[in-house]
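Single-letter residue listing:
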Amino acid sequence: MNLSSTIKSIQDIMRKDDGVDGDAQRLGQLTWMLFLKVFDQREEEWEDNAKERKETYQSPLPEQYRWRNWAAYKADAEGKKKPQIAASELIAFVNNELFPTLKEKIDASIGPSHKVIKQIFEDANNYMKSGPQLLAVIEKLEEAINFHDFKIRASLGDVYEQMLNDLRGAGNAGEFYTPRAITQFMVQQVNPNLAKRETVLDPACGTGGFLTAAIDHFRHELERMKSPRPEDKRAIEELIRGIEKKQLPHLLCTTNMLLHGIDVPSQIKRSNTLAVGWNEWNANDKVDCIITNPPFGGYEDDSVASGYHLPTKETADLFMQLIVKLLKDDVGRAAVVLPDGFLFGDGIKAEIKKSLMQKCNLHTIIRLPKGVFAPYTTIKTNLLFFTKGSVVDDGTEHFHTDSIWFYEHQYPAGYKSYSKTKPIRLEEFKAIQEWWGSEENDFADRVENEFAWKVDFKSKREQADAAAAPHWFRAEEFNNQAASVESAARDLKSSLVGSSDAKHRSKIEQQIAELRESVDVMRLKARDAQAAGDRLYWPIFNLDIKNPNTPEEETHDPDVLLEKYKKLLGEIEETENQLKGELAAALAHHFVTEVAE
């Protein structure tokens, strides 16, 4: 039986157990067992290496709880392999001894390995209730997993990747998996450099897809080196950094790192990235490359966003601000998966996009068709690529983004959508990679075609600035006039202090009331003028730009029609609100004029 079939048979065994409910729990159960099994075999290698150096290896696990001393099958006097713990005693041992020890008695401060074990098991669970079935799973792992066998080691990573792919259908757990083709493409285009020791961070690393793609990328670079040094290989582990909030994906990611040759995955932290205070991040936290698929559609508590420059509850909006902050100036590069909603969103989203384009060169947006993340979600997504610029702080607005290239990724021939059984494949990105060019010459070799187009953002911005400026100037004038009149009203009010002349007080109070009415009119005019300028300026940050090189096809897709209907309703509502505002302003002016007369 091959490795893939063995894993499937293990999952079939778990389906018979009353304690395991659903694919996510089955995968979590299998992963902590797989971790202990693989970790134990890696420890054998580390023990041998220590002996060669005439040193003694010390396991982070208490001796009786190492896989070899409770789970591994041992040969009896007749050479027949048998379990060390009877099936009738196995569940009690795991629940009452193994897990309490690994959860509570491992001191994470001793070293990186101890920290990894502690983080993995602090919220892990044994879901299985049947001793015979748990023993059957152990027996299968004993038969199939030999990490010392190079072929098995190589194939185990692929099998594990398929297991993670299967997780896409497991309810909300699918949010933690990004298709391998996407992770590989994004890493290849960001192109982290091992020779330059460029660090790679995924601040929402899920099951570790982007990080394993970066590891593979570094290893390919290592193979191309004429004379790689031992320190080049060791550097890979130090250059990979990940943070994951939830227990299951953190467990999956840590095991993924172990399977991909990262001996001590202590760089994979279990933490809520967004819960770290904005000012707690410092220069030492900055990295060369950030490649990520941040959770979108989720929300954080108000306290989480309190330190952000543009406070919001939406997770993707918070991550976008943090990603820019954590990139190194001048060299920091990022590739981020984001939904269409970020591209056309206004309000806070528009301000975040403005800040992004001021601080970074947003040079490329790859527009993906729907179904890439099916069945977890059918929302259309985009890949944003940007490079952080130098800091300019002279009191004026500067933008590092002058133009943005868009590329509309196409379905393969015969496809109408992607699915779990028909996922997106890396070879589909070949045309984009051939078109890509080099950032060193500002992508001068790129050409427009039926799928690629360029937007002159600088011209759009300058035109919008010029059109909006007179309105904003009027708004500022009205506000300055209002402030001047408010100051006069305060002076009048101050003049009443100590005055007991009722007639005089009445006269002054009438003047103050008239001044305040005129202030209200000026403030209203200022708001109208500001809104008029904003309506001309802020639409430039709507990046939901359709392909101008292909005619829009008529569609009867219910999802597309519903989206168009919702967009039309939004436009109607916005127009109604503008009309209401202008009507209210006109009536207010008329009413104030009549009162004054």
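Note that the coordinates shown come from a computational prediction; the quantities given were computed from them, not determined experimentally.

### Observations concerning the packing of aromatic side chains
Counting across every chain of the model gives 29 aromatic pairs. Both rings, one in Phe-35 and one in Phe-121, keep their centres 6.5 Å apart while their planes meet at 65 degrees; by these two values the pair is edge-to-face. Of this pair, Phe-35 sits in helix 2 (residues 22-52) while Phe-121 sits in helix 5 (residues 112-121); the two residues are 86 residues apart in sequence, bridging distant segments of the chain. Residue classification places Phe-35 among the buried positions, given a relative accessible area of 0%. Taken together through their ring pairs, the aromatic side chains of Phe-185, Phe-385, Trp-405, Tyr-407, Phe-429, Trp-435, Trp-436 and Phe-443 make up a single cluster. The aromatic ring of Trp-436 is capped on one face by Arg-446, whose charged end is 4.8 Å from the ring centroid. Over the ring of Phe-443 we find Arg-446, and its NZ or CZ is 3.7 Å from the ring centre.

### Topic: the pairing of strand 4 (residues 240-244)
Across the five residues of strand 4, four count as buried, placing the element largely inside the fold. Across three bridges, strand 3 (residues 200-202) lies against strand 4 in parallel orientation. Paired with Val-200 across the two strands is Ile-240, which belongs to strand 4. One ladder, built from three bridges, connects strand 4 with strand 5 (residues 268-270); its direction is parallel. In the sheet register, Gly-242 faces strand 5, and the bridge partner there is Ile-268.

### Quick notes on the layout of surface pockets
In this structure, the second largest pocket occupies an estimated 920 Å³ of space. Arg-219, Leu-259, His-260, Gly-261 and Ile-262 are the residues nearest the centre of the second largest pocket, which is lined by 30 residues in total. Among the secondary structure elements, those contributing two or more residues to the lining of the second largest pocket are helix 7 (150-166), helix 8 (180-190), helix 9 (209-224) and helix 10 (230-239). Here the lining of the second largest pocket gets eight residues from one element, more than from any other, and that element is helix 9. Broken down by class, the residue content of the lining of the second largest pocket amounts to seven nonpolar, ten polar and 13 charged.

### With respect to the environment of Ile-366
Assignment of secondary structure puts Ile-366 in strand 8 (residues 360-367). Taking the C-alpha atoms as reference points, Ile-366 and Ala-531, separated by 165 residues in sequence, lie 32 Å from one another. Setting aside chain neighbours within four positions, we find Ile-366 in contact with Phe-185, Thr-381, Asn-382, Leu-383, Phe-385, Tyr-407, His-409, Ile-432 and Trp-436.

### Some thoughts on helix 16 (residues 457-495)
Over its 39 residues, helix 16 extends 54 Å from the first C-alpha to the last, a length consistent with the 57 Å expected when each residue adds 1.5 Å. The principal kink in helix 16, of about 40 degrees, is found at Ala-469, preceding the proline Pro-470 by one to four residues. Within helix 16 the residues assigned to the buried category are Phe-457, Arg-461, Ala-464, Ala-468, Ala-475, Phe-478, Ala-482, Val-485 and Ala-489. Packed against the buried residues of helix 16 are helix 14 (348-359), strand 11 (452-455) and helix 17 (502-537).

### Points about the confidence of the model for the chain
Summary statistics for the chain give a mean pLDDT of 88 and a share of 93% for residues scoring 70 or more. Ranking the elements of the chain by mean pLDDT puts helix 18 (residues 558-596) last with 67 and strand 6 (residues 289-292) first with 98. Within the model, the stretch residues 591-597 combines pLDDT values under 50 with two contacts to residues more than four positions away or in other chains.

### Side note on the pattern of salt bridges
For the structure shown, the criterion picks out 29 salt bridges. For Asp-317, the salt bridge goes to Lys-349, with nearest N and O atoms at 3.1 Å. Here Asp-317, found in helix 12 (residues 315-326), pairs with Lys-349, found in helix 14; they are 32 residues apart in sequence, far enough to count as distant. Just as Asp-317 is buried, Lys-349 falls in that class too. Among the ionic pairs, Arg-425 bridges to Glu-427, the shortest N-O distance being 3.0 Å. The class of Arg-425 is partly exposed, set by a relative accessible area of 34%. Several salt bridges share partner residues, and in doing so they unite Asp-40, Glu-43, Glu-47, Glu-63, Arg-66 and Arg-68 into one network.

### Examining a nonpolar patch on the surface
Taken together, Leu-562, Tyr-565, Leu-568, Leu-569 and Ile-572 make up a surface patch of nonpolar side chains, about 470 Å² in accessible area. Along the polypeptide, Leu-562 turns up in helix 18.

Reading guide: rules and limits
Residues numbered from 1 in each chain as written. Predicted model: local features only at pLDDT ≥ 70, side-chain atom pairs only at ≥ 80, totals over all residues. Heavy atoms only, no water. Phe/Tyr/Trp six-rings, centres within 6.5 Å; stacked < 30°, edge-to-face > 60°. Helix = DSSP H or I, 4+ residues; strand = E, 2+ residues; numbered from the N terminus. Buried < 20%, exposed > 50% of the residue type's maximum accessible area, 1.4 Å probe, protein only. Lys NZ or Arg CZ within 6 Å of the ring centre and 35° of its normal. Pairing = 2+ DSSP bridges. 1 Å grid on protein atoms, 1.4 Å probe; cavity = no way out; pocket = protein on both sides within 12 Å on 5 of 7 lines; lining within 4 Å. Points joined across faces, edges and corners; volume = space filled by probe spheres on them. Nonpolar A, V, L, I, M, F, W, Y, C, P; charged D, E, K, R; others polar. Contact = heavy atoms within 4.5 Å. Expected span 1.5 Å × (residues − 1). Bend = angle between axes of the 7 residues up to and from the residue. pLDDT = per-residue confidence, 0-100. Salt bridge = Lys/Arg side-chain N within 4 Å of Asp/Glu carboxyl O. Patch = residues over 30% accessible without salt bridge, like charges linked within 9 Å, V, L, I, M, F, W, Y side chains within 5 Å. Areas by Shrake-Rupley, 256 points an atom, 1.4 Å probe, with all protein chains shown as cover.

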